[in-house]
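Coordinate inspection notes
Each chain is listed here by its residues.
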Amino acid sequence: MRMTSHAATPTDAEAIPNLNTRNVALDRVRTFLTLVVLLHHAVIPYTYFGQTDAKSWIGFDAIILATDSFFMAMFFFLSGLFVWPSLADKEAEKFLRDRLLRLALPFALAALTVIPIAYFAIALRRSPGTTFAVFWWKTITVGPWPSGPVWFAWVLLAFDLTASVLYRVSPNLVDPINRLSLRGCGRPTDFFIFLLVMTAMLYIPMRIYFGPGRWFEFGPFSVQASRVLLYPAYFMIGVGVGAANLHRGLLSMDGRLAKNSWVWAVAALAPYCLLWALIFVKRGMLENPVWLPAWYEASYGFFFSAFSAATLFAILGYFLRFKRSGRSMLDRMQAEAYGMFLVHYPIVLWLQYWLFDFEMPAIAKATVVFVLTVVSSWAVTGILRKIPGAARVL
């Protein structure tokens, strides 16, 4: 993640991020979240949630509950941090070209190649005689045409384009969030309350109305219905935090968030445990109904929002404090992190397909899948980035 400078008066020069200087802590957060995505997909079949392999382990359910409750929202928050400075530094046409190259092109290529290859593994499990050509043609003409994890790219593109329009309308639109971020340097609890209130207000009604499992889908374009307002909220809050004074606001390396990251890790435990309590109520007392009562969805939505916000603070605080200097394996992966996100899905699904019939404990299967997925997707991305011009996309 880079910060850039643009024309500024002497009085506000300190407020303008410098995009030519890498923010090591945030780079490491992004790479760490990429590994969390790979872990999430590696363990899903071996959980109550996944139910696609005979082997399972309750510890993987704990991982899935945690990761699903924060990591995509946090990706959108991070993606928003440098949008406002980038819009100030670039002409609208250049910003649009960059976003189309970085997001639209990978999404289109992945939707036509990477994702069908991934889901062909599932199709073979159901219909062993199916050929890839037949499966591919049916996917893109008849459907369903799932996008897997790359739905993130088109949704982020939509957010970036919306932010571009909003910036042209009013460059000062996110100033209130930025002022709150400045105050958050010394009082992060104030910003946490703001984040929790905003996201809970937008998420809970949508969860009650749509439920947790429904997706809006049109061809490969999909997004989870209950989170259709949650994700833009995290994105725009990230935009506000990164609009100016990034090094003096909530994400200051000398701020209270960086100094007390453990407090937020502890704070995340309470809503996480309450989420588990609700799950046990659903499975036991309510007997897993198709539609859950409004009180249940509202309670779950609030604890979900609290856990997501507290976990975001805990992870950011940890990397701001402990991971801002020295060497890290995450630094070596940083350049390939986005590519790993884009190419890992067929690797993980095919590894799970090949391991399906092996009599191995769930922990062993998931470990093999995760390790080989990390190594393989890292290697594949490294090879792809050597193609002329590919590094600008990946």
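See above for the structure.
Attention here is on the structure that accompanies the text. Predicted model, so just to flag it, every value in this text is computed and none were measured.

1. A short note on the nonpolar core
Membership of the largest hydrophobic core comes to 116 residues, with the highest contact counts inside it found for Phe 76, Phe 77, Leu 81, Tyr 234, Leu 251, Phe 313 and Leu 316. Top element by residues in this core is helix H13 (residues 294–322). It accounts for 15 residues. Not counting chain neighbours up to four residues away, the residues in contact with Phe 313 comprise Pro 188, Phe 191, Phe 192, Leu 195, Leu 250, Leu 257 and Trp 264.

2. Remarks on the packing of helix H9 (residues 188–210) against H13
In the contact formed by H9 and H13, the axes pass within 8 Å of each other and the chain directions differ by 145°. As for how H9 packs across H13, the hand of that crossing is right-handed. Contacts between H9 and H13 involve Pro 188, Phe 191, Phe 192, Leu 195, Leu 196, Thr 199, Ala 200, Tyr 203, Ile 204, Arg 207 and Ile 208 from the first element and Ala 294, Glu 297, Ala 298, Tyr 300, Gly 301, Phe 302, Phe 304, Ser 305, Ala 306, Ala 309, Ala 310 and Phe 313 from the second. For the contact of H9 with H13, the class distribution of residues is 18 nonpolar, three polar and two charged.

3. Details of the pattern of salt bridges
For the structure shown, the criterion picks out twelve salt bridges. Among the ionic pairs, Asp 53 bridges to Lys 365, the shortest N-O distance being 3.2 Å. Taken as a pair, Asp 53 in the loop between helix H1 (24–43) and helix H2 (58–68) and Lys 365 in helix H16 (residues 362–384) lie far apart in primary sequence, 312 residues in all. When its relative accessible area of 0% is taken as the criterion, Lys 365 is described as buried. Where Asp 98 meets Lys 94, a salt bridge forms, and the shortest distance between an N and an O atom there is 3.3 Å. Of this pair, Asp 98 and Lys 94 both sit in helix H5 (residues 92–126), four residues apart, which is roughly one turn of that helix. A relative accessible area of 17% places Asp 98 in the buried class. Connected through shared salt-bridge partners, Lys 90, Lys 94 and Asp 98 make up one network.

What counts and what doesn't
Residues numbered from 1 in each chain as written. Predicted model: local features only at pLDDT ≥ 70, side-chain atom pairs only at ≥ 80, totals over all residues. Heavy atoms only, no water. Core = buried A, V, L, I, M, F, W, Y, C linked by side-chain atoms within 4.5 Å. Buried < 20%, exposed > 50% of the residue type's maximum accessible area, 1.4 Å probe, protein only. Helix = DSSP H or I, 4+ residues; strand = E, 2+ residues; numbered from the N terminus. Contact = heavy atoms within 4.5 Å. Axes fitted to C-alpha atoms, helices over the stretch in contact; angles between N-to-C directions. Left-handed = near helix turned anticlockwise from the far one by under 90°. Nonpolar A, V, L, I, M, F, W, Y, C, P; charged D, E, K, R; others polar. Salt bridge = Lys/Arg side-chain N within 4 Å of Asp/Glu carboxyl O.

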